[in-house]
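# Report on the structure
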Amino acid sequence: MALEGFVPYSREAASLYMKRRWWLGITLGDLFDKACDLYPNKEALVGASKRYTFAALRREVDKLAGALLAHGLKPGDRVLLQLPNWPEFVISYFALQKAGLVVVLLTVDHTAREIAHLARLTSPRGWILPRRYRKTDCVPLIGQVRAENPALETVILAGEGLDDCLDLDALIEEGGRLEDLGLMLEEVRPDPGDVCQILPSGGTTGLPKGAPRTHNDYICNVEYKSKAWDMNVTDVCLVATTVGHNLALLVCVTAAVFHGAKIVMLDSTYPEDFCRTVQEEEVTCTGLVPTLASRIANFEKLGDFDLESLQKVYVGAAKSFPELVQKVESNLGGLYFHAFGMVEGPCCQTRPLDPFEVRAQTIGRPICPYDEFRTLDLQGRPTPRGTEGELAAKGPGVFTGYFRNPQANLSAFTPDGWFRTGDLAVIDEDGNIRITGRIKDIIIRGGENIAAEEVEELISSHPGVEYVAVVGMPDPDFGEAICAFIKPVSGARLCEADIIEHLRQTGASKIFQPKRFEFINEIPLTAAGKADKKVLRQAVMERTRDAEQKQ
Ligand code: AMP
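So, here is what we can say about the structure in this document. Just so it is clear, the model here is predicted, and its values are computed rather than measured. (Residues numbered from 1 in each chain as written. Predicted model: local features only at pLDDT ≥ 70, side-chain atom pairs only at ≥ 80, totals over all residues. Heavy atoms only, no water.)

### Let's talk about empty space enclosed by the protein
Our working definition: In the cavity and pocket records, a cavity denotes points on a 1 Å grid over the protein atoms alone where a 1.4 Å probe fits but cannot get out, a pocket denotes an open set with protein on both sides within 12 Å along at least 5 of 7 lines, and lining residues are residues with an atom within 4 Å of a point. Grid points are joined across faces, edges and corners, and a volume is the space filled by probe spheres set on the points. Secondary structure counts use DSSP, requiring at least four H or I residues in a row for a helix and at least two E residues in a row for a strand, with both numbered from the N terminus. When residues are grouped by polarity, Ala, Val, Leu, Ile, Met, Phe, Trp, Tyr, Cys and Pro land in nonpolar, Asp, Glu, Lys and Arg in charged, and all others, Gly among them, in polar.
Using the criterion set out here, one finds one cavity of 30 Å³ or more in the structure. In this model, the largest cavity occupies a volume close to 60 Å³. Of all the elements in the fold, those that place two or more residues in the lining of the largest cavity are α12 (290–297) and β25 (465–475). Of the residues assigned to the lining of the largest cavity, the class counts are three nonpolar, one polar and four charged.

Structural data, given as structure tokens:
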């Protein structure tokens, strides 16, 4: 069933991908059922106080899928899924897939403004969210979003029900009383070419766009991503980053189910909780963002825990610096998988046998041998190997256009269908890709373009820096100047002069020297776990304005 607002694959591309089995021709529901058929008695999912075998998990998933349909949701309807790292996320995600509903993936950190925007964009009929999350009562949010979206009839709360909202547990129980559940689900099984989910783009500017993904092209990511970091049935995968972000969903949840591996959900980003869970559950692999990897690798009590079981540490979603790769490997013990991923589908990653330089300096190679990557110049022409250009991709794992957004699609693709990532990269002779900056993330100082990431890389090589994010700030002399927000490692005392001296020692050009420094305890992050540069730009604008007024 074609979803209005989705750009379909061309007939030729789709038939090639199917013929060659680059698309497996199964749905996410099928993928889940296969794992349950293969390993019914094997432990599949662990949460803070709940444990499920694949057979037990399937019962919950099927009951919920049936109940969602019984409550009037129809295949193809969009449903906002906004749950934290609880087992209920996994149950709900696969139930929605089996019922043929389209998941709109949200994180618990999405703001009311972002949710309202995504609801306007996707016109959902359902929403699954917690009644309360930590100190936040989610009920006022429901009222706000519902007022603007009268079609949003079915709101389901994890934790407890409410007058006009359903209770998730009660709904699952209700599903258990349905007759012919198997037949009911068989009838709504979607076509693998249908849209299975809409993923908000994690851009750091503007409101998110929606990337619709089909079962076929998403499973293409799942299959090759999981193979690139050697996931297998014996793995125990710790989900420590927000599960409502594609990194955790793709690399941990769906990849683990694809291989029949075990998923452990952790609803905490405290290094102590991470280490305790690795020890108790004998975790073998985990997916992290660089900020979290750095926090854990710098945790002063690492030695109190037995982390022997941890073999693979996947780090993606933002740039990893060589110092971090080194620190994670020596302090945590697992092999670092330096990865690049986008909700739109392009994915690259280093492999187990890559030497340290490749793991430290590059994002490795495309995960899928059938996805093509190239670099483009400003006119959209391919640049030679070894030279910088905008990274572009196309293939069976790459999406075809933003949801209901023809305007954005015009600039996001070249006329011959290459998706422009907006990232600057160099592809070397071995096919390894180095991200050198972001087209959108530059500071223009006196006409000189400075890639923010280049300055971040220089500053982060100082041993006292845990995390750094640089942004442009208005400057009367140069138009723009660099402001560096720096989070020192715990216990380190840093000042401007230390960083300036460090930059001098590295031989960095003077243009990379920030004009302003802000030493802060926490860098604000986007829902996707990256430095929130919008917030940082705003903060520096306000601070410079205040300083001017005081003068
Ligand atoms: P999202 O789709 O929200 O995951 O954001 C994708 C963007 O994150 C990419 O276009 C890159 O700008 C950035 N990104 C992801 N992984 C990396 C990486 N390993 N190095 C640098 N940037 C990355």
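### A look at the sheet that holds strand β26 (residues 479–488)
Under the convention used in this document: A pair of strands counts as paired when DSSP detects no fewer than two bridges linking them. Orientation is described by lines fitted to C-alpha atoms, with helices fitted over the stretch in contact, and by angles between N-to-C directions that extend from 0 to 180 degrees. In this description, contact between two residues means that some pair of their heavy atoms is separated by no more than 4.5 Å.
Pairing is mixed across the open sheet formed by three strands, whose spatial order is β25-β26-β27. The open sheet has two edge strands with one neighbour each: β25 and β27 (516–519). Averaged over all adjacent pairs, the angle separating strand axes in this sheet is 20°, with direction ignored. Relative to β27, helix α17 (residues 496–506) is tilted by about 120°, and along the sheet it contacts β25, β26 and β27. Against the sheet, helix α18 (residues 533–550) contacts β25, β26 and β27, and its axis sits at roughly 60° relative to β25.

### Notes on helix α4 (residues 87–98)
Cut-off, in case you're wondering: A helix is expected to span 1.5 Å multiplied by its residue count minus one. Buried residues are those whose accessible area, probed at 1.4 Å on protein chains only, stays under 20% of the maximum for their type, while exposed residues exceed 50% and partly exposed ones sit between those limits.
Its 12 residues place the ends of α4 17 Å apart at the C-alpha level, agreeing with the 16 Å of an ideal helix rising 1.5 Å per residue. Within α4, 12 of the 12 residues are buried, leaving the element largely enclosed by the surrounding structure. For α4, the complete set of buried residues consists of P87, E88, F89, V90, I91, S92, Y93, F94, A95, L96, Q97 and K98. Among the residues trailing α4, G100 stands out with phi positive, at a value near 75°.

### As for the side chain of H110
Put simply, the rule reads: Polar contact criterion, stated in full: a pair of N or O atoms within 3.5 Å, where within protein one must be able to donate a hydrogen and the other to accept it, and residues adjacent in sequence count only if both atoms are side-chain atoms.
Position of H110 among the secondary structure elements: in the loop between β4 (102–105) and α5 (112–122). Given the relative accessible area of 11%, H110 is considered buried. There is a polar contact of 2.9 Å between the side chain of H110 and the backbone nitrogen of T107. Apart from residues no more than four positions distant in its own chain, H110 is found in contact with Q82, L105, I115, L118, P200 and A527.

### Considerations on the pattern of salt bridges
To be explicit about the condition: Throughout this description, the term salt bridge denotes a Lys or Arg side-chain nitrogen within 4 Å of a carboxyl oxygen of Asp or Glu.
In this structure the tally under the stated criterion is 35 salt bridges. When the shortest N-O distance is used, the salt bridge between R131 and D137 registers 2.7 Å. Accessibility expressed as a relative area gives 11% for R131, which makes it buried. Using a relative accessible area of 34% as the deciding quantity, one classes D137 as partly exposed. Residue E329 is joined to R359 by a salt bridge in which the shortest nitrogen-to-oxygen separation is 2.7 Å. You can see E329 sitting in helix α13 (residues 322–332) and its partner R359 sitting in helix α14 (residues 356–361), a full 30 residues away along the chain. Just as E329 is buried, R359 falls in that class too. Among the charged side chains, a salt-bridge network with shared partners connects D33, D37, R58, D62 and K98.

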